[in-house]
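For reference, the chains in residue letters:
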Amino acid sequence: LGKTAIGADIRREKILSTGLGEMVDESQWQHISGTDRVYDHLGERTNTSLFAEHNVVLDRLTVSVGILANRNTALNDSFRFYPGIDISFRPNDYWKLYASWDKALRVPTYTDLYISNAIQQGDKALRPEKNDTYRIGLRYRHNGIEAVTSGFYSDGTDMIDWVYEQENSTKYHAMNIGELDNIGFNADMTLSLPELMNNRQFPITRIKVGYAYIHQRHETDKPIFKSLYALEYLRHKFVAQVDHRICKHLSATWNLRWQQRMNGYSPYAKLDGKVQWTASKYSLYIKADNITAHRYYDLGGILQPGLWIMAGGELRLNL
């Protein structure tokens, strides 16, 4: 009839701080050693989770059904329930079809709730974010070829993000930004050339390519000029990798990435490379990130490094 697992997790969180949490009575202040300052804020909450999962594994079919009951004292005294199901079907040894659905919740962190400085302002009224995620996929693997494609839909409510509310804002504010739905797909293919060509000495050992696409729909009744995380998503991402031998102990890997991030970012391409010497007792490598030294901005509006060179090694000892 399958295998059943049940369990429980109880986590107690408590933070003493100069700014995170609620201001407490002076009798509860605690002196900070080596300073004339005190911890005068306190935050505490207890998170209780109970879960049950049942797995059925047949010759060609696997089904996993579970449910999580969660209670967090920062919200209220009620238990909330989060079910999930995973199904995979293998019609033969080469193909696998899988699908899943799960419901989840994320409680705001103390930083989300209380931080206050020159560039960030938390919000004590934040609600937890809730998400339903659906996924379906197909995988093929045989004779040096592995191909995977999958699609997903994510239905988010009360999603938490850090935003500029106006163009002239100078602080990122933590906010429940409303309804946020993401739908997308990805496709990846890997070719193991020595196996595919039936030639263990074939110089190109692996070729891998992949592409991912996301479309986002956002509904809110609050003004948002700029998002720090959730709304600055990747619309397109393409990656390609080639591994090859140079000589007996020397090999190289080349990676190309092209991506387009939404809401104010320009598309960019980046080329990385790694050359490695591998022996029985040790290996040495030199790695170059962003070989063309292209300057670009990524998540958070941060200017990324130009050419970045690293070297390292590994020593294996039989003790």
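For the structure itself, consult the block above.
A brief structural summary. Fair warning: this is a prediction, and the values are worked out from it, not measured in the lab. (Residues numbered from 1 in each chain as written. Predicted model: local features only at pLDDT ≥ 70, side-chain atom pairs only at ≥ 80, totals over all residues. Heavy atoms only, no water.)

### Comments concerning the sheet that holds strand E9 (residues 120-121)
Piece 1. Taken together, 4 strands build an open sheet; the order of strands is E9-E13-E12-E16 and the sheet is mixed. This sheet does not close on itself; its edge strands, each paired only once, are E9 and strand E16 (226-227).
Piece 2. Two elements, strand E12 (residues 160-164) and strand E13 (residues 172-176), share 4 bridges in a ladder whose sense is antiparallel. Counterpart to Ile-160 in the pairing with E13 is Asn-176. (Pairing = 2+ DSSP bridges. Helix = DSSP H or I, 4+ residues; strand = E, 2+ residues; numbered from the N terminus.)

### Looking at the pairing of strand E8 (residues 95-106)
Piece 1. Here strand E7 (residues 80-89) runs beside E8; their pairing, made up of 6 bridges, is antiparallel. Across the sheet, Ile-85 pairs through a bridge with Trp-101, a residue of E8.
Piece 2. If you look at the hairpin formed by E7 and E8, you'll find 5 residues sitting between the two strands.
Piece 3. Bridging between E8 and strand E10 (residues 129-142) involves 12 bridges; their strand directions are antiparallel. Pairing of Lys-103 across the sheet is with Asp-132, part of E10.

### Here's the deal with the nonpolar core
As a rule of thumb, nonpolar side chains are buried together in soluble globular proteins.
Piece 1. In terms of nonpolar packing, the biggest core is built from 12 residues, these being Leu-20, Tyr-110, Leu-113, Tyr-114, Ile-115, Leu-126, Ile-160, Trp-162, Tyr-164, Tyr-172, Ala-174 and Leu-228.
Piece 2. For this core, the secondary structure elements donating two or more residues are helix H1 (110-114), E12 and E13.
Piece 3. Within the second largest apolar cluster, 6 residues are counted, among which are Met-159, Val-163, Ile-177 and Leu-231. (Core = buried A, V, L, I, M, F, W, Y, C linked by side-chain atoms within 4.5 Å. Buried < 20%, exposed > 50% of the residue type's maximum accessible area, 1.4 Å probe, protein only.)

### Topic: the packing of aromatic side chains
Piece 1. Counting across every chain of the model gives 9 aromatic pairs.
Piece 2. Geometrically, the ring pair formed by Phe-185 and Tyr-213 is tilted, given 6.1 Å between the ring centres and 35 degrees between the ring planes. Separated by 28 residues along the polypeptide, Phe-185 in strand E14 (residues 179-192) and Tyr-213 in strand E15 (residues 204-219) bring together distant segments of the chain.
Piece 3. For Phe-185, a relative accessible area of 38% corresponds to the partly exposed category.
Piece 4. Among the residues examined, Tyr-213 registers a relative accessible area of 23% and is labelled partly exposed.
Piece 5. One aromatic cluster is present, formed by Tyr-94, Trp-95 and Tyr-140 through successive ring pairs.
Piece 6. Cation over ring: Arg-45 sits above Tyr-110, and NZ or CZ is 4.4 Å from the ring centre.
Piece 7. One cation-aromatic arrangement involves Lys-274 over Tyr-285; the distance from NZ or CZ to the ring centre is 4.7 Å. (Phe/Tyr/Trp six-rings, centres within 6.5 Å; stacked < 30°, edge-to-face > 60°. Lys NZ or Arg CZ within 6 Å of the ring centre and 35° of its normal.)

### Here's the deal with the pattern of salt bridges
Any two side chains of opposite charge can pair, so long as their charged atoms come close to each other.
Piece 1. In total, this model carries 19 salt bridges according to the counting rule given.
Piece 2. In this structure, Arg-12 and Glu-44 form a salt bridge, with 2.7 Å as the shortest nitrogen-oxygen distance. Highlighted residues: Arg-12 in strand E1 (residues 3-17) and Glu-44 in strand E5 (residues 41-57), separated in sequence by 32 residues.
Piece 3. In this structure, Asp-93 and Arg-60 form a salt bridge, with 3.3 Å as the shortest nitrogen-oxygen distance. With Asp-93 in the loop between E7 and E8 and Arg-60 in the loop between E5 and strand E6 (61-72), this residue pair connects regions lying 33 residues apart in the sequence.
Piece 4. Here Asp-93 falls in the exposed class, since its relative accessible area comes to 64%.
Piece 5. Here Arg-60 falls in the partly exposed class, since its relative accessible area comes to 30%.
Piece 6. A single salt-bridge network, built from bridges that share partners, covers Arg-11, Glu-13 and Arg-45. (Salt bridge = Lys/Arg side-chain N within 4 Å of Asp/Glu carboxyl O.)

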